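Take a look at the letters that make up each chain.
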Amino acid sequence: MAEPLTTSLQAVFGYSQFRAGQAAALTALERGQDTLAVLPTGAGKTLIYQLYGYRHAGCVLIVSPLLALMTDQVNRMRLAGFRRVAAITSLTSFGERQTILNHLDRYQFLFLSPEMLAQPAMLARLQQLTLSLLVVDEAHCIVQWGPDFRPDYLLLGAIREKLERPLILMLTATADQATQGEIAKQLRTTPTVVTESINRPNIFLDVEHVANQAAKRERLLTLVTQLVFPGVIYFSSKQLASETAQWLRDQTGLTVAAYHAGLSSEDRFKIQQQFMQGDLAIICATSAFGMGIDKNDVRYVIHYHLPADLGSYAQEMGRAGRDGQPSLAVLLYAPGDERLPLTLNQANRPDDATIQRFYAHPQAFSQDDPGVALLTFYQQHGISASAVQALFERRERERARALDQMLAYVHEQRCLRTSWLAAFNESAPTHDQQCCAPASVPLDLAALGLQRKPQAQSPSAAAQPDWLTQLRQLFLSNN
DNA sequence: CGTATCCTGAATACTCAGGATACGGTGCCGTATT
């Protein structure tokens, strides 16, 4: 299509200008270059493949990690006027699935999970189709989930070959150099990389060291009592997320809910809806809460446990302040907190002896064991025992390294933002009063304009000091 | 692997030392049997 990109943008979306990164990614794709776009949430990543799909004949195939994301995206695209859009998942009825598969060439956009795409029958059907573009959404999942959680992610490279190497677009909000390299390697390509800064200047960064678990709990209560809501508190334990939600409800009278993978999908959906509508002040969540959550007025994100790595931390704390208003990211740390992520790093991973025994006598193991399910997958795909050992070892080393980076952030004495951004090869703006409070520096909520008025039942924009008032407060508190 | 909590026994305290135990995330998938 000879039409300029901006003409298409105007025609399809009615916008006159691209947002940062969109034009660069599209230009690379138009030149036929595989593209890895590392763009922050809200940068409009989906527009890139929507517009590409509009400009080119053939089907855009999108690999997405979550059913909820696919359903969401299909609905949103239909509302936006795209009609030839579908997702095929385990929730799709047999009849509907047949209808889609029988008229596959009528679809412009098709969403699949990596597991669904890996099914031989599905792949065979897709091989008959002309693909204009293969999109891997949330591409960091290849690295984060591939080796020891959702191994089908490691098949994408081979699947792409079987689809006769269509042009590929990899999308993610956070990927450091190592992650970018690993994504490219897995998909067997040398892509054009388009990146935008992941810095979020309106999020104040705070790390607080406490003496023990009891002190952490008390500090959490104090914060939650004083902070303007809504807020999200992240845990690495489902049980503690639930218990703390109940405890905070009792202690504060606020509306608090827990969100984790142990809940039914109905409950999860309901809680997410309530939170989006502003009916909940606080969510106590595990890492299950996040992808696809698009609420722009979250005022704070507190981490009660250490996130797995700085990339996850960027994603989770980045759910605060999407509206650009002053917001807060607190990381609470008690000595010994690194034990939990260390243990989780090994949770699904069978040790070398178990791998050997499994490869010798797979039938002696219970398929209910998640580690065994992984091994079954690898054995069925012809991966040798020693290759599996190497895979797990490598992943564990990466996780250990990521945890070390996380701890360096926790113990940073000077500027948290500098420490955080350095991991993504970015330099931070000059440190100032609105930047961060490392462990040795106390947090001043009033100065940030995030302190709840004792009388106010719910936060409103009017109740917050305007930015001039905040600036005055900053200058005064500086004396 | 270490932290928090529960349990036990000695003692009979407005309890406590010391040992045992439980605990710790993320999701996709035809999938066969009562």
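The model shown is predicted, which means the values in this text are computed figures rather than measured ones.

Visitor: Provide a residue-level description of the layout of surface pockets, including the pertinent values.
Guide: Size it by volume and the second largest pocket reaches roughly 1,100 Å³. Lining the second largest pocket are 42 residues, with Thr41, Gly42, Gly44, Lys45 and Asp294 sitting closest to its centre. Every element with two or more residues in the lining of the second largest pocket is listed here: α3 (45–55), α4 (67–79) and α14 (310–317). In terms of residue class, the lining of the second largest pocket is built from 18 nonpolar, 14 polar and 10 charged.

Visitor: I'd like a description of helix α1 (residues 5–13), backed by residues and values.
Guide: Three- or four-residue spacings in an α-helix give side chains the same orientation, since the helix completes a turn every 3.6 residues. Within the span of α1, buried status applies to Leu5, Ser8 and Leu9. For α1, the arc enclosing every buried residue in end-on projection is 105°, short of the 170-degree limit, so these residues lie on one face. Contacts made by the buried residues of α1 are with α2 (22–30) and α3. At the C-terminal side of α1, glycine 14 shows a positive phi close to 80°.

Visitor: Can you explain the domain arrangement of chain A? Please cite residues and give values.
Guide: In terms of domain boundaries, chain A breaks down into domain 1 (5–195) and domain 2 (203–339 + 403–472). Using C-alpha coordinates to define each centre, domain 1 is positioned 31 Å away from domain 2. Across the boundary between the two partners, domain 1 contributes 14 residues, which contact 11 residues of domain 2. Of the roughly 920 Å² buried between domain 1 and domain 2 on both sides combined, carbon and sulfur atoms contribute 57%. Counting the surface domain 1 buries against domain 2, the share from its top three residues, Thr41, Thr174 and Asp176, is 41%. Taken together, domain 1 and domain 2 are joined by 0 salt bridges. Applying the counting rule to domain 1 against domain 2 returns 2 residue pairs in polar contact (both at pLDDT 80 or more). In terms of residue class, the side of domain 1 that touches domain 2 is built from 7 nonpolar, 5 polar and 2 charged.

The rules behind these values
Residues numbered from 1 in each chain as written. Chains lettered and ligands numbered in written order. Predicted model: local features only at pLDDT ≥ 70, side-chain atom pairs only at ≥ 80, totals over all residues. Heavy atoms only, no water. 1 Å grid on protein atoms, 1.4 Å probe; cavity = no way out; pocket = protein on both sides within 12 Å on 5 of 7 lines; lining within 4 Å. Points joined across faces, edges and corners; volume = space filled by probe spheres on them. Helix = DSSP H or I, 4+ residues; strand = E, 2+ residues; numbered from the N terminus. Nonpolar A, V, L, I, M, F, W, Y, C, P; charged D, E, K, R; others polar. Buried < 20%, exposed > 50% of the residue type's maximum accessible area, 1.4 Å probe, protein only. Arc of directions from axis to C-beta. Contact = heavy atoms within 4.5 Å. Domains from an automatic or database assignment. Buried area = accessible area lost by both parts, 1.4 Å probe. Salt bridge = Lys/Arg side-chain N within 4 Å of Asp/Glu carboxyl O. Polar contact = N/O pair within 3.5 Å; in protein donor to acceptor, adjacent residues only side chain to side chain.

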